[in-house]
Amino acid sequence: MQGKDFIISRLENILKEISSEQVELVYNFKDSQLTRFANNYIHQNVAQRDGHLTIKIVRGKKVSLASTNSLEPFTIKNTIDRLIASMEFQPEDPNFVSLPYPEPYLDLDDFDDETAGCTPGQRAEIVKVITDEAEKYGVNASGQCSTCINELAIVNSLGIRAYNCATRAHLLAMASDEMEGFSTLLSRKISNLDAYLVAEESVSKCIKSRNPVELKPEVYPVVLQAFGVAQLLEHLCYQNFNAKDFMEERSCITGKLGKKVTGELITIHNNPLDPEGLPRPFDMEGVPGTPITLIEKGVAKSLVHNSYTANQLKVKSTGNQANPAYKTPYPLNLIMDAGSYSVEKMIESIEKGIYITRLNYINIVDSKQTINTGLTRGGTFLIENGKISRPVYNLRFTDSIFKLLSEVSMISKDRRLGGEINSPVLTPAVKINKFRFTGATKPTS
Amino acid sequence: MKEIINEAMNLATMYGAEYADIRIEDLKHEHILVKNKKVENINYSESSGFGVRVLLNGSWGFAASSIITIEEVRKIVSQAINIAKASAMVKKAPAILSFSPGVHEKYTAPVEIDPFQVPLSEKLELLMEANEVMSAYPLIKLYGAELSFYRHNKIFASTEGSLIEHNYIKSGAGIQVWAIKDNEMHCRSYPANSGGDFRNNGYEFVKSMKLVENADRICQEAVQLLDAEQCPTGEKTVIIDSNQLAIQIHESIGHPAEYDRVLGMEASFAGTSFLTVDKLNTLKFGSPIVNVNADATIPYAFGSYAFDDEGIPARRVQLIKEGMFVGYLTSRETATNLGQESSGSMKAENWNFLPLIRMPNINLEPGNWKLNDLIADTGDGIYLCTNKSWSIDDKRWNFQFSTEIAWEIKNGKLGKMYKNPTYTDNTVHFWNSCDAICNKDYWHIWGIANCGKGQPVQIGHVGHGAAPARFRNIKVGIME
């Protein structure tokens, strides 16, 4: 960890060296460690320390950008000289108005000493809980246990001085035999990652997946666990609920703001301050995050903004600048409202359907219609007469995410954090009345 | 740098490592994107640092830092050793490495025009000119032209005495348009999606692409797609163009042939492979005309290099011979499992990543057909062009692709245009249904700049050579 005082003072010194109308400096220092395992042993074990500085300068309506991972004076000077030289040939951006001005942000208690000080030996012990469980049942466990310290600082010539230091931890396991069982946990604290839970969930699903049967791909009712719901929301929201794609008319909700796009049980927020997620106090411009509702009871309600898109539409930035190099904002802390059911009740309500743990390799087929394809993975089971009966070979789906969310009839009361460390998604499990499967995957013998 | 290298290697040995290597890298990347005649992005980024890999009592440790000093090297080597000790807490058999000769080499990839010396004004002029052409179509609501350049300098050294310096320059470019009307949107790209085409070449590659000259065509096609018929559903004969076939090769041959996947080392992320060891030299992977090699030696190809990140010289390895599955992509550690030497396929994205088994250039060898003759020979079918999306299962068996555009083939002639073309199959059925491949006049090596693998995820640069080919009885038209 480099520390607030060191980083801010270093950035302020760099700011003084740049003569320009407006300047933005974004510095992200990560100290991250990842212990990876497969076949019940640690096969890759890595650590890296890297800081990345992005310098943005503005002259009139010209904006120029460069980044480096060195804070050495010589490198910084070269980077600044290059930026200034490139200004001469840069055309103006008529849509650019201004970098953002300072606003107060919440000082989140986002740092955990135990996570920051987590050693390779401690991560190995966590991994051993999972591999021991797998060995006991004669299956193979693979996955990763990672911890990181993430320092983010933004300094701009309009007065922004933002700094946050966060710890994050991630545990993931895939137990494999003939089929797989999956489990994962995300938190800002390593102590919240219950390795025994991850071990039990992944290994038990793997064992229950022995002797799978083939299922004809067609339309079924489905219970989709929280991680799978998170994956669908990521694919729906990242490319569609940002103001830039909306203005360019390529968002699936272009022309549909204020209109019903899913079933009314669905409410999805972008909330960077929800303590149940992985909160972030400000974005990559230093603008505090504003909780907004993207879909409210099925109606497309809002878009996420950065200062670039907000200035164009004369609204307030929602604090969703995800990458200082790009003009497109992204929703980064997706949260879906919980319901009132247990997963068991959802299963009981299905005569013949499928229980899905998670999805895999989702890709867009038609973005305007939100049609995506992908596969089930990590524990897929047939539901018969209200009970999980047999494991099935993974199935391929091709369907519209809007349509799937319109077919949601039950939502669980419990939620789980999925997604990734940089883009967490908090979701419940759901029952989807009609989920279209278009293919089946059975490994060769 | 010699002092840094010596300190790292000597220290690792002193700590008891039976093997260690260090990579000191410097990567510069320039990306310019002009959209709707406005500069969307001009970004110049630099990243340099070093990573140390150690093998201690058969267990691996890796640590990396952006601070290249003797003091930091000492910290990082010590950290890598501690990590290796932790790895040993959950260990099975010790990792054993296949033979590697110690090599002293310096390689600089040949380049005619250094793209980093080309003035920004010239680059912007090219992109603006393409934009100007594309702006003439009212239904083309969004259009863009982009350039990408990389300068990657790398020093590799190992405790086995290797000292290798590589210097590469890479270039890529492409244009893309979106026709939007009502609630429908269609995209056309040239020469390919996802940033275009890439090579280990300089600015001469960009000039050869003729971006401006192809802008009108893709605009017209995108607009026509708005009114085109939906791709029909059914089992059809398909001819797949070189670009889409490149992605097909990537997903259904390249990845399953990565031996670390077969061994389960990627199970928690992208998955494993159906190409288990019992299938080596026994599985009829494809029809007898299907021959596929992995070749890292083609100088200009995007996946090429002189030495991999274990110091193994680049080589050509046969993966499929006359339809039979015959080879894997391996590393020094995994090759010993097969009783072989490494295929030289270990690459890391940059200094801060561990090397993984990566595809170099995976190439479907050309056949004998001229494209016009192949179409004429195909009574009824569909001609699928330019990859749009891809999805494949965790064992690389069931896949589904969509392309940007397709044409009906009727009575041996290209007919009406189809929109939303998709096709699905399983890998072995698909490649066994290949009954014709076009000749080397139609063969092109495509560069792909966004292959993701590993945890943490790293991005690899790979290449795929392919000529258009025909496949029988393929399920097309997945959308309702």
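What you see is a predicted model; the values in this text were computed from it and never measured. (Residues numbered from 1 in each chain as written. Chains lettered and ligands numbered in written order. Predicted model: local features only at pLDDT ≥ 70, side-chain atom pairs only at ≥ 80, totals over all residues. Heavy atoms only, no water.)

A. Molecular detail of the pairing of strand β6 (residues 180–187) of chain A. Residue and element names in this part refer to chain A. Counted residue by residue, β6 has eight buried out of eight residues, so it is predominantly covered. Taking every second residue as pointing to the same face, both faces of β6 are buried, with Glu180, Phe182, Thr184 and Leu186 on one and Gly181, Ser183, Leu185 and Ser187 on the other. Sheet topology note: the strand β5 (residues 161–176)/β6 ladder contains eight bridges and is antiparallel. Residue alanine 169 lies in a different strand from β6, and its bridge partner there is serine 187. Connecting β5 to the next strand, β6, in antiparallel fashion are three residues. (Buried < 20%, exposed > 50% of the residue type's maximum accessible area, 1.4 Å probe, protein only. Helix = DSSP H or I, 4+ residues; strand = E, 2+ residues; numbered from the N terminus. Pairing = 2+ DSSP bridges.)

B. Inspection of the nonpolar core at higher detail. Residue and element names in this part refer to chain B. Counting 68 residues, the largest nonpolar core has Ile253, Phe285, Leu319, Ile362, Tyr423, Trp431 and Phe471 as its most contacted members. Excluding residues within four positions of it along the chain, isoleucine 253 makes contact with Gln248, Phe285, Val292, Leu319, Ile320, Ile362 and Trp431. One finds Tyr143, Tyr203, Ile218 and Cys219 within the second-largest nonpolar core, a separate group that totals 58 residues. (Core = buried A, V, L, I, M, F, W, Y, C linked by side-chain atoms within 4.5 Å. Contact = heavy atoms within 4.5 Å.)

C. Broad picture of the packing of helix α1 (residues 2–14) of chain B against helix α2 (residues 70–87) of chain B. Residues and elements named next belong to chain B. Contact geometry for α1 and α2: axes closest at 9 Å, N-to-C directions at 30°. Relative to α2, the element α1 lies roughly parallel. For α1 against α2, the interelement crossing comes out right-handed. Contacts from Glu3, Ile4, Glu7, Ala8, Leu11 and Ala12 of α1 reach α2 at Ile70, Val73, Arg74, Val77 and Ile81. (Axes fitted to C-alpha atoms, helices over the stretch in contact; angles between N-to-C directions. Parallel < 35°, antiparallel > 145°, perpendicular 65-115°, else oblique. Left-handed = near helix turned anticlockwise from the far one by under 90°.)

D. Layout of the sheet that holds strand β12 (residues 316–321) of chain B. Residue and element names in this part refer to chain B. The six strands are arranged β13-β12-β11-β16-β23-β22 in an open sheet whose pairing can be described as mixed. Each edge of the open sheet carries a strand with a single partner, namely β13 (324–325) and β22 (444–453). Contacts from helix α6 (residues 242–254) reach β11 (292–295), β12, β16 (361–364), β22 and β23 (458–466) within the one sheet, and its direction differs from that of β23 by about 120°.

E. Highlighting the pairing of strand β20 (residues 422–426) of chain B. All names here are of chain B. Taking burial as the measure, the five residues of β20 include four buried ones, the bulk of the element. The pairing of strand β18 (residues 398–410) with β20 spans five bridges and is classified as antiparallel. Across the sheet, the residue bridging to glutamine 400 is threonine 424, located in β20.

F. Focus on the environment of Ile312(B). All names here are of chain B. In this structure, isoleucine 312 sits in the loop between β11 and β12. The spatial distance from the C-alpha of isoleucine 312 to the C-alpha of serine 343 is 7.9 Å, given a sequence separation of 31 residues. Sequence-distant contacts of isoleucine 312, defined by excluding residues within four places in its chain, comprise Phe99, Ser100, Ala306, Phe307, Arg332, Ser342 and Gly344.

G. Region of the structure containing the packing of helix α3 (residues 120–134) of chain B against helix α5 (residues 211–226) of chain B. All names here are of chain B. Where α3 meets α5, the closest approach of the two axes is 9 Å, and the angle between their N-to-C directions is 25°. Here α5 runs roughly parallel to α3, going by the angle between their axes. Crossing handedness for the pair α3 and α5: right-handed. From α3, Leu126, Glu129, Ala130, Val133 and Met134 reach across to α5, where they touch Leu211, Val212, Ala215, Asp216 and Cys219. The class makeup of the residues in the contact of α3 with α5 is eight nonpolar, no polar and two charged. (Nonpolar A, V, L, I, M, F, W, Y, C, P; charged D, E, K, R; others polar.)

H. Expanded view of the interface of chain A and chain B. At the junction of the two partners, chain A supplies 83 residues and chain B supplies 82 residues. Carbon and sulfur atoms supply 48% of the area that chain A and chain B bury against each other, a total of about 6,900 Å² over both sides. When the buried area of chain A at its contact with chain B is split by residue, Arg36(A), Arg49(A) and Tyr361(A) rank highest and sum to 10% of it. The tally of links from chain A across to chain B stands at six salt bridges. Ionic pairing is found between Arg36(A) and Glu266(B), a salt bridge with its closest N-O pair at 2.9 Å. Linking chain A with chain B are 41 residue pairs in polar contact (both at pLDDT 80 or more). At 12 residues, strand β2 (residues 41–59) of chain A tops the list of elements feeding residues into the side of chain A that touches chain B. Looking at the side of chain A that touches chain B, its residues break down into 25 nonpolar, 36 polar and 22 charged. (Buried area = accessible area lost by both parts, 1.4 Å probe. Salt bridge = Lys/Arg side-chain N within 4 Å of Asp/Glu carboxyl O. Polar contact = N/O pair within 3.5 Å; in protein donor to acceptor, adjacent residues only side chain to side chain.)

No statement about biological role is implied by the geometric values presented.
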